[in-house]
Amino acid sequence: MAERIFKGGEFLVTEVTCDEIFTPEEFTDEQKQIAETTEQFVENEIVPHLDEIEAQNFDLVIEAFKKCGDLGLLMMDTPEAYGGMELDKVTSMLVAEKIAPAGGFSVAYAAHTGIGTLPLVYYGTEAQKEQYLPKLVSGEWAAAYCLTEPGSGSDALGARATAILSEDGKQYILNGTKQFITNGSFAKLFIVFAKIDKELFTAFLIEKDFAGLVIGPEEKKMGIKGSSTTQVILDNCKVPVENLLGEAGKGHKIAFNVLNVGRFKLGACVTGAAKQATLVGVKYANERKQFNQPISSFGAIQEKIADLTADTFAAESLVYRLAGLLDTKLATIDREIDNYYVEYQKGIEEYATECAISKVFCSEVLARVVDEVVQIHGGYGYVSEYPAERFYRDERINRIYEGTNEINRLLIPGMILKKSLKGELPLQAEAMKAFESLMTPSFEELDDSIHFAAEKALLKNLKTLFLILAGTAVQKYMTKLADEQEILMAAADIAIQIFALESAVLRADKACRSANEKKKALLEAVVKVFAFSATEIAGTAAKKGAFYVEEGDQLLMVLSGVRRFAKYDATGLLQAKRLLASTVCEEEKYLF
Amino acid sequence: MKILVCIKQVPDMESKFKIADNATWYDSGELAWRMNEYDEYAVEQGVQLKTQVADADLTVLCIGPQRVQETMKKALAMGCDRGVHIEDAESFKKDPFEIASMIAEFAKEKSFDMIFTGMQSQDRGSAQVGLMVAELLDIPSISTVVDFAFDAGKVTAKRELEGGIKAKVSCTAPALITCQLGLNTPRYPTLPNIMKAKRKELLSLPAADLLKVERKQETAKIYFPEKKGGGLVLEGAAGDLADQLIKILKENTGVLA
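Remember, it's a predicted structure, so these values are computed and weren't measured experimentally.

*Asks:* How should I be thinking about the overall build of chain B in this particular structure?
*Replies:* Per the secondary structure count, chain B includes 6 helices and 11 strands. Taken against the 2.2 N^0.38 rule, which gives 18 Å for 257 residues, the C-alpha radius of gyration of chain B at 23 Å runs more than 25% over that of a compact globule. In terms of principal-axis extent, the alpha carbons of chain B reach across some 75 × 40 × 40 Å. By residue count, 42% of the 257 residues in chain B fall in the buried class.

The following block contains the structure:
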């Protein structure tokens, strides 16, 4: 495991080597075993019932939760004292990835183990944890997280639900409506956010049987139909004062910190879904014959398969790199200290930028995957008889919940600028250097003795480009930059591609050391395919950003920077794509 | 009570197999590995027996290269108490007699009360190893078992015979059982047990210490079955179909000659 402790966002201003990142090639035997148990559970206990679960037979979901509990699949993040195991984040992500083929159940599972359980782990009192955690860990109770309201989604703190202390001081009376609550119809424990005296944003633990908690009807959704989504109505709901979670007025901390974990877990989950969907597409392409040959033999289809494989490889590399970052950081915290979870929260919050990147990048990879998998299926992709149609519908929500991709994109440069202002990241100094390099011509030659030299040089250049754009934007708008969302979105896109590409390149670099010739060729191909697309996306974003921010000579100069730094020699791209596609089609499995 | 379970690590059967250059085994370079399916039933039966009788110790044994330890950890996570890894990078070159002899050599002075193996391996499929171990140890064996009961040292088992017939067989421990699919429902290792398995004893022994016999079989060549030509689907009205068929039979075969 990497020993260097990176700061969040630091990847944009520093060089990272492959020994400093965690890669899936380093899973331990135990992690692989846990992944296998999860896979078998999904294959044998969920997939055979998927149609019924899709038809909203939630009794099966409740039963599946108990089976999950028996296997220990709900105890990953809970301390041993409360029946959990508190495993590392790598394991937690691996399980999230392997749960993905469970369709709607994976959503129920993610909500329960993530936003449903973690607030209690992080902020619960001893008594609260003792009372509720064993029930959540065993699967006896399902949990739901109630933040969103009909009038407040992204603007979560604009919630209107209220809490008023009763005259005898023994309970809070809650009123309001919570919207789109996952697990709503069968959850037994609800983590509900409301404002005490319309001011102090606070979290409460509400049991299903508390008087005044009313569950609304099932929403009729586009996808993830196998998960329950309802309103939760608080009609003079009486909550004992002991069930206030954390501190009064500190609910925002709970709400947002838990979302960081949710975001990066979502990255893992959608990566699992992308692998599954691609495989379904590949198998279909091998079976389906047109003009007397399998359609997988046509370049038009092969190119899709190669692109999807490369995108998925990048997503996977990114997710586990981030898991490694978190594990390395969290391992430095002494478990014995009283404020362990305060420090733990800080450790996770440090990587809020990377968590947001994981959410946006991986969910958009899945979006491309399911779109192309429908396309590969042709007309059969449009009918419900084939799974491609469900993949397509199920995917869409991932770009909306756990913070929309727009909110998450805004967070990325937002967090980085904040860290820079606090002096935690030397953004300004590095931006100055980047500007200087813009004025000086480069005669640097690639050192062919270094593996992936071209891609490593590209990464350095893309980082320079990000700094140039961020630098000019800060210079022009200063503290008002937060209002220029179009520019922030462009900057986010560059940062996202840098993190994804760097994760893919460094992972391939590390994996090549122990790979045979065939594997090496595949790793080189996948990096080439992804590097080409990442360069194009980052370059377009940078160009767009330049037009948004600058004009005149300054614009011309920044544009010349785009031309110079978003440049990648992808010689052999076609061969790389054909190699990837033909190997995937021959082996009918995810290659890495 | 001392119980031994013998397992083998085999490739995932959904892999695309390639024949190795020397044409006596498959190419193991690109494969994913897992526990031989039959052996999962053997492990499960061992664990069930251990739970049934008080004070039992369950050893899992596996022969193969370093990587088999991953599969052994699964057996430990399912409930075996300790592991014995007979380290042999070239176990695939050994014939069933050599493999059985190594196991028997290990087991001979350990006085195991029960030994479970899979009925056969999914890759070589000789179905000989378990039975030979029993012969070498001079204990009774029951093969292809689909139902197993143990009571005060007496084994009662159902064997699967040809044509859906079963035979009820009994013997006295010590004995060896080779397990058929469906004997039980192998458990998934739970997360806590997977983590606990990490701390269980896993002893490594060099194969050379146990190999004292010479092989009795030689693999001359392995090859894929010859590909049969694809079928031909004729279309049209019945009379027309008959004409087409006769024409093909006349032109391409000698059946109408």
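Still more ground to cover, so stick around.
*Asks:* Is there a simple way to explain the sheet that holds strand β10 (residues 175-179) of chain B in this structure?
*Replies:* Pairing between the strands of a sheet is mediated by backbone hydrogen bonds and can be parallel or antiparallel. Residue and element names in this part refer to chain B. What the 9 strands build is an open sheet, ordered β9-β8-β7-β10-β6-β1-β4-β5-β11; its pairing is mixed. Each of the sheet's edge strands pairs with one partner strand only, and the pair in question is β9 (166-172) and β11 (201-206). Averaged over all neighbouring strand pairs, the angle between strand axes comes to 30°, with direction disregarded. Against the sheet, helix α3 (residues 96-107) makes contact with β1 (2-7), β4 (57-64), β5 (82-87) and β11, and its axis sits at roughly 145° relative to β4, the strand it touches most.

*Asks:* What is the right way to read the packing of aromatic side chains from this model?
*Replies:* We describe a pair of aromatic rings using the distance from one ring centre to the other and the angle between the two ring planes. Scanning the entire structure with this criterion turns up 27 aromatic pairs over all chains. Relative to F592 of chain A, the ring of Y590 of chain A has its centre 6.0 Å away and its plane inclined at 75°; by these criteria the two rings are edge-to-face. Each of the two residues, Y590 of chain A as well as F592 of chain A, counts as buried. On the basis of an interplanar angle of 70° and a centroid distance of 5.4 Å, the ring pair of F17 of chain B and Y26 of chain B is categorised as edge-to-face. In this structure Y26 of chain B comes out as buried when scored by relative accessible area, which is 11%. Members of the aromatic cluster, joined through ring pairs, are F41, F58, F65, F105, Y109 and F186 of chain A. Above the ring of W141 of chain A, the side-chain terminus of K135 of chain A is found at 5.2 Å from the ring centroid.

*Asks:* I tried to follow the domain arrangement of chain A on my own but got confused; where do I start?
*Replies:* How large an interface is tends to be reported as the accessible area lost when its parts come together. Residues and elements named next belong to chain A. Parsing chain A into structural domains produces domain 1 (18-142), domain 2 (145-245), domain 3 (251-405) and domain 4 (412-587). A separation of 35 Å is found between the C-alpha centroids of domain 1 and domain 4. In this assembly, 7 residues from domain 1 lie in contact with 7 residues from domain 4. Here domain 1 meets domain 4 over a buried area of about 690 Å², counting both sides, of which 57% is carbon and sulfur. Area buried by domain 1 at its contact with domain 4 is led by C18, I21 and E25, which between them contribute 65% of it.

*Asks:* Explain the nonpolar core here, please?
*Replies:* As a rule of thumb, nonpolar side chains are buried together in soluble globular proteins. With 178 residues, the main nonpolar core has Y122, L174, F204, I206, F361 and F466 of chain A as its most contacted residues. When near neighbours in sequence (up to four residues on either side) are disregarded, I206 of chain A contacts L174, K188, L189, F190, V192, L213, L234, C237 and V239 of chain A. By size, the runner-up hydrophobic cluster in this structure holds 66 residues, among which are A42, L58, V155 and C179 of chain B.

*Asks:* Honestly, the environment of E364 of chain A in this entry has me stumped. Any pointers?
*Replies:* Residue and element names in this part refer to chain A. Note on placement: E364 falls in helix α11 (residues 352-377). As a C-alpha pair, E364 and L421 span 57 residues in sequence and 30 Å in three-dimensional space. Residues within four places of E364 in sequence aside, it is in contact with R399, N405 and R409.

*Asks:* I would appreciate a short explanation of helix α12 (residues 387-395) of chain A in the present structure.
*Replies:* Since the α-helix turns once every 3.6 residues, residues separated by three or four places project in the same direction. All names here are of chain A. Buried residues dominate α12, accounting for 7 of its 9 residues. Of all the residues in α12, the buried ones are A388, E389, R390, F391, R393, D394 and E395. Its buried side turned inward, α12 meets α2 (50-54), α8 (251-287) and α11.

*Asks:* Where do I start with the pattern of salt bridges in this structure?
*Replies:* Note on pairing: side chains with opposite charge can pair once their charged atoms come close. Scanning the entire structure with this criterion turns up 54 salt bridges over all chains. For K73 of chain B, the salt bridge is made with E30 of chain A, and the minimal N-O distance between the two is 3.8 Å. With K73 of chain B in helix α2 (residues 68-78) and E30 of chain A in helix α1 (residues 29-46), the pair connects residues from two separate chains.

*Asks:* Would you take a moment to explain the interface of chain B and chain A for this structure?
*Replies:* If you look at the interface, chain B gives 14 residues, while chain A gives 24 residues. Both sides of the chain B and chain A interface together cover about 2,000 Å² of buried area, and 55% of this is carbon and sulfur. The largest contributions to the chain B side of the interface with chain A come from E30, Y188 and L191 of chain B, which together make up 38% of the buried area. Counting across the chain B and chain A interface gives 4 salt bridges. The interface formed by chain B and chain A holds 6 residue pairs in polar contact (both at pLDDT 80 or more) in total. For the side of chain B that touches chain A, the elements supplying multiple residues, two or more each, are α2 and α5 (191-197) of chain B. Top contributing element to the side of chain B that touches chain A by residue count: α5 of chain B, with 4 residues. Tallied by class, the residues present in the side of chain B that touches chain A amount to 6 nonpolar, 1 polar and 7 charged.

*Asks:* Could you clarify how one ought to interpret unusual backbone geometry in this entry?
*Replies:* Keep in mind that most residues, glycine aside, have a negative phi and that most peptide bonds are trans. All names here are of chain B. A cis amide bond links A173 to the next residue, P174, at an omega of 5°. The residue D55 is not glycine, and still its phi comes out positive at about 60°. Despite not being glycine, D138 shows a phi value in the positive range, around 60°. Relative to the helices and strands, D138 is located in the loop between α4 (129-137) and β7 (141-151).

*Asks:* How should the pairing of β5 of chain B be read in this particular structure?
*Replies:* Regular strands show a simple pattern: their side chains alternate between the two faces of the sheet. All names here are of chain B. Pairing geometry for β4 and β5, over 6 bridges, is parallel. Looking at the pairing, L61 lines up with V84 of β5. In this view, the connection linking β4 to its parallel neighbour β5 by way of α2 has right-handed handedness. For β5 and β11, the ladder comprises 6 bridges, and the chain directions are parallel. In the sheet register, I86 faces β11, and the bridge partner there is L205.

*Asks:* Even after reading the chapter, I still don't get helix α15 (residues 453-477) of chain A, so can you show me in this structure?
*Replies:* In a regular helix each residue adds 1.5 Å, so 25 residues correspond to 36 Å; α15 of chain A covers 36 Å between its end C-alpha atoms and thus fits that length. M478 of chain A sits one or two positions beyond α15 of chain A and adopts a positive phi of about 50°.

*Asks:* Would you mind going over the side chain of K221 of chain A with me for this structure?
*Replies:* With respect to the helices and strands, K221 of chain A occurs in the loop between β6 (213-218) and β7 (229-240). When neighbours within four sequence positions are excluded, K221 of chain A is seen to be in contact with Q56, S227, S228 and T229 of chain A.

*Asks:* Could you clarify how one ought to interpret the environment of R199 of chain B in this entry?
*Replies:* Tracing the chain through its elements places R199 of chain B in the loop between α5 and β11. Taking the C-alpha atoms as reference, R199 of chain B lies 9.7 Å from L76 of chain B; in sequence the two are 123 residues apart.

*Asks:* Where do I start with the packing of helix α5 (residues 104-116) of chain A against α8 of chain A in this structure?
*Replies:* When two helices pack together, their arrangement is captured by the angle between the axes and the distance separating the axes. All names here are of chain A. Taken N-terminus to C-terminus, the directions of α5 and α8 make an angle of 150°; their axes are 10 Å apart at the nearest point. On the basis of their axis angle, the class for α5 and α8 is roughly antiparallel. For the pair α5 and α8, the sense of crossing is right-handed. Every residue of α8 that contacts α5 at S106, T113, G114 and I115 is listed here: V258, L259, K265 and C269. Residues belonging to the contact of α5 with α8 are distributed by class as follows: 4 nonpolar, 3 polar and 1 charged.

*Asks:* I would appreciate a short explanation of the confidence of the model for chain B in the present structure.
*Replies:* Caution applies to low-pLDDT parts of the model: their predicted coordinates are not meant to be read in detail. For chain B, the average pLDDT comes to 94, and 100% of its residues sit at 70 or higher. Scoring the predicted complex yields pTM 0.92 and, for the interface, ipTM 0.87.

*Asks:* I tried to follow the pairing of strand β5 (residues 200-207) of chain A on my own but got confused; where do I start?
*Replies:* Residues and elements named next belong to chain A. Of all 8 residues making up β5, 7 are buried, and the element is well covered by its neighbours. With 8 bridges connecting them, strand β4 (residues 189-196) and β5 associate as antiparallel partners. The partner of F190 across the bridge, within β5, is I206. Hairpin geometry of β4 and β5 is characterised by an intervening segment of 3 residues between the two adjacent antiparallel strands and by a positive phi of about 50° at D197. Bridge analysis of β5 against strand β8 (residues 244-245) gives 2 bridges, and the strand direction is antiparallel. Paired with F204 across the two strands is L244, which belongs to β8.

*Asks:* I would appreciate a short explanation of the environment of N257 of chain A in the present structure.
*Replies:* Residues and elements named next belong to chain A. Mapped onto the elements of the fold, N257 is located in helix α8. Residues N257 and K7, spaced 250 residues apart in sequence, show a C-alpha to C-alpha distance of 17 Å. Among the polar contacts listed, one links the side chain of N257 to the side chain of Q345, at a separation of 3.1 Å.

Thresholds applied
- Residues numbered from 1 in each chain as written.
- Chains lettered and ligands numbered in written order.
- Predicted model: local features only at pLDDT ≥ 70, side-chain atom pairs only at ≥ 80, totals over all residues.
- Heavy atoms only, no water.
- Helix = DSSP H or I, 4+ residues; strand = E, 2+ residues; numbered from the N terminus.
- Rg over C-alpha atoms; globule rule 2.2 N^0.38 Å.
- Buried < 20%, exposed > 50% of the residue type's maximum accessible area, 1.4 Å probe, protein only.
- Pairing = 2+ DSSP bridges.
- Axes fitted to C-alpha atoms, helices over the stretch in contact; angles between N-to-C directions.
- Contact = heavy atoms within 4.5 Å.
- Phe/Tyr/Trp six-rings, centres within 6.5 Å; stacked < 30°, edge-to-face > 60°.
- Lys NZ or Arg CZ within 6 Å of the ring centre and 35° of its normal.
- Domains from an automatic or database assignment.
- Buried area = accessible area lost by both parts, 1.4 Å probe.
- Core = buried A, V, L, I, M, F, W, Y, C linked by side-chain atoms within 4.5 Å.
- Salt bridge = Lys/Arg side-chain N within 4 Å of Asp/Glu carboxyl O.
- Polar contact = N/O pair within 3.5 Å; in protein donor to acceptor, adjacent residues only side chain to side chain.
- Nonpolar A, V, L, I, M, F, W, Y, C, P; charged D, E, K, R; others polar.
- Right-handed = clockwise from strand over helix to strand, strands pointing away.
- Expected span 1.5 Å × (residues − 1).
- Parallel < 35°, antiparallel > 145°, perpendicular 65-115°, else oblique.
- Left-handed = near helix turned anticlockwise from the far one by under 90°.
- pLDDT = per-residue confidence, 0-100.

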